[in-house]
Amino acid sequence: MTTSRYRGRFAPSPTGALHFGSLVTAVGSWLVARHAGGEWLVRVEDIDPPREVPGSAASILSTLDAFGLTPDQPPVYQSRRNDLSAAAFDRLRDAGHLFPCWCSRAELAAHGGLHRDGRCIAAADPSRPPAWRLRSPDRVVTWHDDLQGPQAENLREVAGDFVIRRVEGLWSYQLACVVDDGDQGITHVVRGADLLYSTARQIYLQQLLGLPTPGYLHLPLVMDAQGRKLSKSTAALPVDPADPLPALRKALDWLGVKPGAAATPARLLSDALDGFAPATLRRSSLTPGTTL
Ligand code: GLU
């Protein structure tokens, strides 16, 4: 536990309306932050224009509001914070941690799918921009997840030389997330377990950039009846901001928190805090009965 005041965040990507899986993450991160007496922020991760659905950032924010999940500061938009990622990119490149890469998907696939040798295997092509990758060390990154327990990952084996800036000039999620968590003073990250395997990369980037490592807690993913992750790509239904109580009760129940009978979302959430402790959160999405 750090001595600094707890500051958590929910960081949705505006790729569609808020669906039940994201609501669970938002509620889980809100509960853990409030339980710690801390702040809860919202950051819109809109750095991938090709995947963005117009209007979904505004829709996600108004839906959070309808569910009583009001951030302590105005939401920030990652796309308006390009300069921070650009400065971090320059630092990493100037320190020799990055290399330009012109590999096509086919070349990469022929190479086992991942770069692990700290250099591009294709011929340099000055006529088109490269992606920029980070040289992954042959090092095991260890950390403790507050729900999933001790974690260890060999960066080179699992992530390889991962992308920091894409061919199109877009920042990778890994870089922008680390830079913004650092700049916003986030002390604890609570998010879905689909990002558990991003954590080692992010911790390594924090070390290279001299940023503190926050605490991490990865919530189990909500699965559909077929055991698939519930996400926008599997067309999960958006939650209804006009009728928040049923979905909010279901989200609390799914997290392992007994929902009360309160008649407003704000009251339901504050009741849920009574007797709540992060250790009571549902631990695994693989246990029976966790499908919707
Ligand atoms: N923007 C990411 C997503 O919607 C979450 C990033 C994070 O919480 O670190 O999946």
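What counts and how
Residues numbered from 1 in each chain as written. Predicted model: local features only at pLDDT ≥ 70, side-chain atom pairs only at ≥ 80, totals over all residues. Heavy atoms only, no water. Near = heavy atom within 4 Å. Polar contact = N/O pair within 3.5 Å; in protein donor to acceptor, adjacent residues only side chain to side chain. Areas by Shrake-Rupley, 256 points an atom, 1.4 Å probe, with all protein chains shown as cover. Nonpolar A, V, L, I, M, F, W, Y, C, P; charged D, E, K, R; others polar. Axes fitted to C-alpha atoms, helices over the stretch in contact; angles between N-to-C directions. Helix = DSSP H or I, 4+ residues; strand = E, 2+ residues; numbered from the N terminus. Parallel < 35°, antiparallel > 145°, perpendicular 65-115°, else oblique. Left-handed = near helix turned anticlockwise from the far one by under 90°. Contact = heavy atoms within 4.5 Å. Pairing = 2+ DSSP bridges. Core = buried A, V, L, I, M, F, W, Y, C linked by side-chain atoms within 4.5 Å. Buried < 20%, exposed > 50% of the residue type's maximum accessible area, 1.4 Å probe, protein only. Expected span 1.5 Å × (residues − 1). Arc of directions from axis to C-beta. pLDDT = per-residue confidence, 0-100. Salt bridge = Lys/Arg side-chain N within 4 Å of Asp/Glu carboxyl O.

### Focus: the site of the ligand
Around the ligand, the structure places Arg 9, Ala 11, Pro 12, Ser 13, Glu 45, Tyr 173, Cys 177, Arg 191 and Leu 195. Here a nitrogen atom of the ligand sits 2.8 Å away from a polar atom, N or O, in the side chain of Ser 13. At a separation of 2.6 Å, a nitrogen atom of the ligand approaches a polar side-chain atom of Glu 45. Protein chains bury 80% of the 300 Å² of accessible surface belonging to the ligand in isolation. When grouped by side-chain class, the residues that make up the shell around the ligand number 5 nonpolar, 1 polar and 3 charged.

### Here's the deal with the packing of helix H8 (residues 244–255) against helix H9 (residues 265–273)
Following both chains from N to C, one finds H8 and H9 inclined at 15 degrees, their axes separated by 10 Å at the closest point. Considering their axes alone, H8 and H9 lie roughly parallel with respect to each other. At the point where H8 passes H9, the crossing takes the right-handed sense. Facing Pro 244, Leu 245, Leu 248, Arg 249 and Leu 252 of H8, the residues of H9 in contact are Pro 265, Leu 268, Leu 269 and Ala 272.

### A short note on the sheet that holds strand S8 (residues 163–165)
The strand order S4-S5-S8 describes an open sheet built from 3 strands, whose pairing is antiparallel. Strands at the two margins of the open sheet, each flanked by one partner only, are strand S4 (98–101) and S8. Sheet twist, expressed as the average angle between the axes of neighbouring strands with direction ignored, equals 45 degrees. In the sheet, S4 pairs with strand S5 (residues 131–134) via 4 bridges, with the strands oriented antiparallel. Note on S5: the bridge partner recorded for Leu 98 is Leu 134.

### Some words on the nonpolar core
The biggest cluster of nonpolar side chains holds 42 residues, and the ones touching the most others in it are Leu 23, Val 27, Leu 31, Leu 64 and Leu 69. Listing elements by their share of this core, those giving two or more residues are helix H1 (20–35), strand S2 (39–44), helix H2 (56–66), strand S10 (215–219), H8 and H9. Considering each element in turn, this core owes the most residues, 9 residues, to H1. Residues in contact with Leu 31, not counting those within four places in the same chain, are Leu 252, Leu 255, Val 257, Leu 269, Ala 272, Leu 273 and Phe 276. Trp 143, Ile 186, Tyr 204 and Leu 209 belong to the second largest nonpolar core, which has 26 residues in total.

### Some details on helix H3 (residues 82–94)
Across its 13 residues, H3 extends 18 Å between first and last C-alpha, which sits within 8% of the 18 Å expected from 1.5 Å per residue. Burial in H3 covers these residues: Ser 85, Ala 88, Phe 89 and Leu 92. The buried residues of H3 occupy one face: seen down the axis, they fall within an arc of 105 degrees. Pointing more than 90 degrees away from the buried face of H3 are the exposed residues Asp 83 and Asp 94. Directly after H3, the chain includes Gly 96, whose backbone phi takes a positive value near 85 degrees.

### Observations regarding the confidence of the model for the protein chain
Counting all residues, the mean pLDDT for the protein chain is 92, and 92% of those residues have values of 70 or more. In the predicted structure, residues 286–292 sits below a pLDDT of 50 and forms 13 contacts with residues beyond four places in sequence or in another chain.

### A look at the pattern of salt bridges
Two side chains that carry opposite charge are able to pair once their charged atoms sit near each other. Scanning the entire structure with this criterion turns up 12 salt bridges. Note that Arg 7 and Glu 39 form a salt bridge whose closest N and O atoms lie 2.9 Å from each other. Separated by 32 residues along the polypeptide, Arg 7 in strand S1 (residues 7–10) and Glu 39 in strand S2 bring together distant segments of the chain. Among the residues examined, Glu 39 registers a relative accessible area of 16% and is labelled buried.

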